[in-house]
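Descriptive analysis of the structure
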Amino acid sequence: MKHMERARWSANPTLTGAARSALGANLPAVFSSCDETWSALEAAGIEEDDPIWRLPLHKPYRKMIESKVADISSTAGEGAQGGAIIAALFLREFCADVPRWLHIDTSAWTNSTFSGPGKPEGGEALGLRALWRFVSARYGTNRG
C-alpha cells in the first residue's frame with residue numbers, strides 16, 4: 001500500500017448554505033491551499049463529468065473570525081458576508097501545517113430535479129466522484 005504523505009488532506013462536509021447561494025444546487029464549492037492540488041482535482045472532475053468550482057481562501061477575511069474571548073470564532077458575526085469563504089478559513093485553521101489542503105463543500109442535499117451520473121434526483125454528494133478519481137490517480141486503487 002502506498003504511503004499517503006501528511007502534506008495532503010481533504011475535508012468534505014457541507015459547511016453552509018452560502019456556497020449553495022453562490023454557486024447553485026448543482027455545483028459544489030472547493031477551497032484549496034495549493035494550485036497544483038486544485039488543478040489535479042479539477043481535471044478529475046472533468047474526467048468524471050462531476051463539475052466543481054474553486055472559491056478563494058481570501059486571507060483578509062481571516063480577521064472576521066478573530067475573537068477576544070477564544071482562540072478563534074466559528075462565526076463571522078451578524079451581517080457578515082462571504083460565509084462559505086469564512087467557514088473554509090475556519091476549517092483551514094485546524095490543519096494550517098498541511099501545505100496541500102482542500103475542502104469540498106459536498107452540498108449533500110438538493111431539491112433540484114437535475115439528475116445524471118452519480119447525481120440521483122434528491123439527495124446527493126457533489127464532487128465526491130471527482131475526489132475519488134483524484135485519489136485513485138494519485139495513490140492507486142490497489143487495496144493490497
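Up top is the structure.
Residues numbered from 1 in each chain as written. Predicted model: local features only at pLDDT ≥ 70, side-chain atom pairs only at ≥ 80, totals over all residues. Heavy atoms only, no water.

Considering the pairing of strand β4 (residues 100–104)
Successive side chains on a regular strand alternate, one facing one side of the sheet and the next facing the other. Across the five residues that make up β4, a large majority, four, are buried. The pairing of strand β2 (residues 29–32) with β4 spans three bridges and is classified as antiparallel. Bridge pairing links Phe-31 to His-103 in β4. (Buried < 20%, exposed > 50% of the residue type's maximum accessible area, 1.4 Å probe, protein only. Helix = DSSP H or I, 4+ residues; strand = E, 2+ residues; numbered from the N terminus. Pairing = 2+ DSSP bridges.)

Considerations on the side chain of Asp-50
In this structure, Asp-50 sits in the loop between α2 (35–47) and β3 (53–54). Overall, the relative accessible area of 2% leaves Asp-50 in the buried class. A polar contact is formed between the side chain of Asp-50 and the backbone nitrogen of Ala-130, at a distance of 3.0 Å. (Polar contact = N/O pair within 3.5 Å; in protein donor to acceptor, adjacent residues only side chain to side chain.)

Observations regarding the layout of surface pockets
In this structure, the second largest pocket occupies an estimated 190 Å³ of space. What lines the second largest pocket is simply Ser-33, Leu-57, Lys-59, Arg-62, Leu-89, Arg-92 and Glu-93. When its residues are assigned to classes, the lining of the second largest pocket shows two nonpolar, one polar and four charged. (1 Å grid on protein atoms, 1.4 Å probe; cavity = no way out; pocket = protein on both sides within 12 Å on 5 of 7 lines; lining within 4 Å. Points joined across faces, edges and corners; volume = space filled by probe spheres on them. Nonpolar A, V, L, I, M, F, W, Y, C, P; charged D, E, K, R; others polar.)

Examining unusual backbone geometry
In this model, Asp-49 sits at a positive phi of 55 degrees, which is unusual for a non-glycine residue. Counting through the fold element by element, Asp-49 comes out in the loop between α2 and β3.

A word on helix α4 (residues 128–139)
For α4, which comprises twelve residues, the first-to-last C-alpha distance of 16 Å matches the rise-based estimate of 16 Å (1.5 Å per residue) to within 8%. Trailing α4 by a residue or two, Gly-140 shows a phi angle of about 85 degrees, which is positive. (Expected span 1.5 Å × (residues − 1).)

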